[in-house]
Structure formats: C-alpha cells, structure tokens
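These are the residues of each chain, in order.
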Amino acid sequence: VWVLGTAPRRFEQPAFRKRWRFLLAKYRPDVHWWSVVMLGRGLALSLAAIAFTRGGDQLLYVVVVLATYGFWANYLKPWRHAVTNVFDVVMSVSLVAAASAMMRFAANPADQDSQESLGRLVVAFTQATNFVPQAVALVLGAKLVWQFFHPARQAAELHRLSVDLGRVGKSMNEANDAESILECLALLPEIDRQTLANSLNILLSESQLRISNLRKSVERRSSRPSDKQRQSVDSTEDTRDTTVSTAEV
C-alpha cells in the first residue's frame, strides 16, 4: 500500500520502476492502485466460509462482492488493454450468474426449515435488487440538482479543462516532429488511446460543424443585397421614372 501511495511521485526513478514494475505495469496510470482492489476481492471472497455458516448466506455474500467488483471494474476500466477489461467484467458477470444459480442447491432438501429460510433469503434479495435502480436514480438526480445550484463549480471545471487543453496544444506545437508525438502516444495504454481518439473525433466534428455553419452564414449574407446596392437600385428606378414622365410631357 505504501508503494502504491508513493508511486505517482517516484515512478520517474529508474530503480523504482525496475523494482515495482510487476505491481504497476498491468494497470493504467490513473488506476495504478488496482492491485489493492484485487487483493481485497480475494480476501473478501475467502472470508465467505468463515463469516457465514449457511450456504445461502455465503452465496449471497459472494454475489454482492462480485457484483460490486464488476461494477467498479466496468466503470474505471483499470487494465491497460481493452480486451482485458472486457474479459474481467464478463468473468465477474458469469460468476455472479453461477453463484445466483447455486442458490437452488444451498438448502438441505431433507430439512424443511432450511428450505423455508432459503426461500425467505431469495425473496429478500430479489426485493432488495428491485430498489437498486431507484437508488442509483436518486443519487444521480441529487448530483444533477447539486450541479444546478452550484454553477460556479462547473465553470471552474470548464476553466481548468480549457487551461489543460491549451497546455497540451502548446506542447504539441512545440514538438519537434511527428515522431515525437508518436513516441508519446505509444506509451499510452490502449484504453487511453481510445479515449483520446474519441475526444479528437468530438473536437473535429464540432470544428467541422462550426465551419459549416460559418460558411452557410457567409453565403447567406453574400446572397443578400447590401444597403448601397438597394440605394443604387432605388435611385436607378427613380431616374427611370423621371425620364419616362419627362418623355410623356
């Protein structure tokens, strides 16, 4: 834990990288501490047989632990490669499904009380999971309300993002050639490269949309006659009318 806590400021040291590479190289830099989560998951699963005596309680505990781990693994995507993240989430979902299916065999078929207790446990678990979407919606709704009443926080985040983007753009402009940028991109994990590519597509699409709107606006303005053109046309018509009136007289 101490190594993972000090890794961000010590990873520039060659000796530190060589010694602890096995612990840090598998995960993305911003989730370098995921090995602690892996150890915690293994420890939590091994405690199932110690903390609970009934099979139904043990399976329910395993389901909760695996579901929690799978949710955060899917949210954070800690592994450097996209395939590894997908495999980890799929394995968590498969284990949750297997543990849930084993509930059927957790009770002693010769013990009526055991079967009734398992039935009550399954019913309670089912009812509890029905309220999970409502709880998530409540948390997300509270977050939206908080953001609505604290616009200064969002403005500060946008300002920080603009400053960071400006700094990155300046660094890109100061790069010697495309090979230097390529070397930097090669060091990024696959997930980060995909995120960067998606962000670049958003920026390019937004730029193209703005350029298209600007071009349409210019074309629309150029198709409209200017005030001088209108005055010239009006004066020409007045002169024509005056000439026609003089000729008639």
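Here is a short report on the structure shown in this document. The shown structure was predicted, so the numbers you read here are calculated from the model rather than taken from an experiment. (Residues numbered from 1 in each chain as written. Predicted model: local features only at pLDDT ≥ 70, side-chain atom pairs only at ≥ 80, totals over all residues. Heavy atoms only, no water.)

1. Things to note about the overall build of the chain
Secondary structure assignment for the chain yields twelve helices and zero strands. If you list the helices and strands of the chain from N to C, you get α-α-α-α-α-α-α-α-α-α-α-α. Residues counted as buried form 17% of the 249 residues belonging to the chain. Sequence separation of 24 or more characterises 57% of the internal contacts of the chain that already satisfy a separation of 6 or more. On the chain, roughly 19200 Å² of surface is accessible, and the fraction owed to carbon and sulfur atoms is 64%. (Helix = DSSP H or I, 4+ residues; strand = E, 2+ residues; numbered from the N terminus. Buried < 20%, exposed > 50% of the residue type's maximum accessible area, 1.4 Å probe, protein only. Contact = heavy atoms within 4.5 Å. Areas by Shrake-Rupley, 256 points an atom, 1.4 Å probe, with all protein chains shown as cover.)

2. Considering the packing of aromatic side chains
In this structure the tally under the stated criterion is nine aromatic pairs. On the numbers, 5.3 Å between centres and 45° between planes, the contact of Phe-52 with Tyr-61 is tilted. Members of the aromatic cluster, connected to one another through ring pairs, are Trp-33, Trp-34 and Tyr-69. Against the face of Tyr-69 rests Arg-41, its NZ or CZ located 4.4 Å from the ring centre. (Phe/Tyr/Trp six-rings, centres within 6.5 Å; stacked < 30°, edge-to-face > 60°. Lys NZ or Arg CZ within 6 Å of the ring centre and 35° of its normal.)

3. Comments concerning the pattern of salt bridges
For the structure shown, the criterion picks out five salt bridges. Here Asp-164 and Arg-167 are joined by a salt bridge, their closest N and O atoms 2.9 Å apart. Highlighted residues: Asp-164 and Arg-167, both in helix H9 (residues 151-173), separated by three residues, approximately one helical turn. Salt bridges here are not isolated pairs; linked through shared partners, they connect Arg-28, Asp-30 and Asp-192. (Salt bridge = Lys/Arg side-chain N within 4 Å of Asp/Glu carboxyl O.)

4. Let's talk about the packing of helix H5 (residues 55-76) against helix H7 (residues 112-130)
Running from N to C, H5 and H7 point in directions that differ by 20°, and their axes come no closer than 10 Å. Relative to H7, the element H5 lies roughly parallel. Along this stretch, H5 crosses H7, giving a crossing that reads as right-handed. Packed against H5, whose contacting residues are Gly-56, Asp-57, Leu-60 and Val-63, the element H7 presents Leu-118, Leu-121 and Phe-125 at the interface. For the contact of H5 with H7, a count of residues per class yields five nonpolar, one polar and one charged. (Axes fitted to C-alpha atoms, helices over the stretch in contact; angles between N-to-C directions. Parallel < 35°, antiparallel > 145°, perpendicular 65-115°, else oblique. Left-handed = near helix turned anticlockwise from the far one by under 90°. Nonpolar A, V, L, I, M, F, W, Y, C, P; charged D, E, K, R; others polar.)

5. A word on a nonpolar patch on the surface
Together, Leu-43, Leu-47 and Ile-50 make up a nonpolar patch on the protein surface, roughly 310 Å² of accessible area in all. In this structure Leu-47 comes out as partly exposed when scored by relative accessible area, which is 35%. (Patch = residues over 30% accessible without salt bridge, like charges linked within 9 Å, V, L, I, M, F, W, Y side chains within 5 Å.)

6. Some words on the environment of Phe-52
Within the secondary structure, Phe-52 is located in the loop between helix H4 (48-51) and H5. Phe-52 gets classed as partly exposed once you look at its relative accessible area, which sits at 29%. Once residues lying within four places of it in the same chain are set aside, the contact partners of Phe-52 are Asp-57, Gln-58 and Tyr-61.

7. Re the packing of helix H3 (residues 34-46) against H5
Taken N-terminus to C-terminus, the directions of H3 and H5 make an angle of 165°; their axes are 10 Å apart at the nearest point. By the angle between their directions, the pair H3 and H5 is classed as roughly antiparallel. H5 is crossed by H3, and the crossing has left-handed handedness. Along the contact surface, H3 presents Trp-34, Val-37, Met-38, Arg-41, Ala-44 and Leu-45, while H5 presents Tyr-61, Val-62, Val-65, Leu-66, Tyr-69, Trp-72, Ala-73 and Leu-76.

8. Focus on H7
End to end, H7 covers 27 Å across 19 residues, agreeing with the expected 27 Å (1.5 Å per residue, within 8%). By the burial criterion, the buried members of H7 are Ser-117, Leu-118 and Leu-121. Angular distribution of buried residues about the axis of H7 spans 100°; they occupy a single face of the element. In this fold, the buried residues of H7 make contact with H5. (Expected span 1.5 Å × (residues − 1). Arc of directions from axis to C-beta.)

9. What to know about unusual backbone geometry
Of note in this structure, Lys-77 is not a glycine but carries a positive phi near 50°. Looking at the secondary structure, you find Lys-77 in the loop between H5 and helix H6 (82-101).

10. Some thoughts on the nonpolar core
Formed by Ala-48, Leu-59, Leu-60, Val-62, Val-63, Leu-66, Val-96, Ala-99, Met-103, Ala-107, Leu-118 and Leu-121, the largest nonpolar core amounts to twelve residues. Looking at this core, the elements that each hand over two or more residues are H5, H6 and H7. In terms of residues, this core owes the most to one element, H5, which gives five residues. Ignoring any residue separated from it by four or fewer positions in sequence, one finds Leu-121 in contact with Gly-56, Asp-57 and Leu-60. (Core = buried A, V, L, I, M, F, W, Y, C linked by side-chain atoms within 4.5 Å.)

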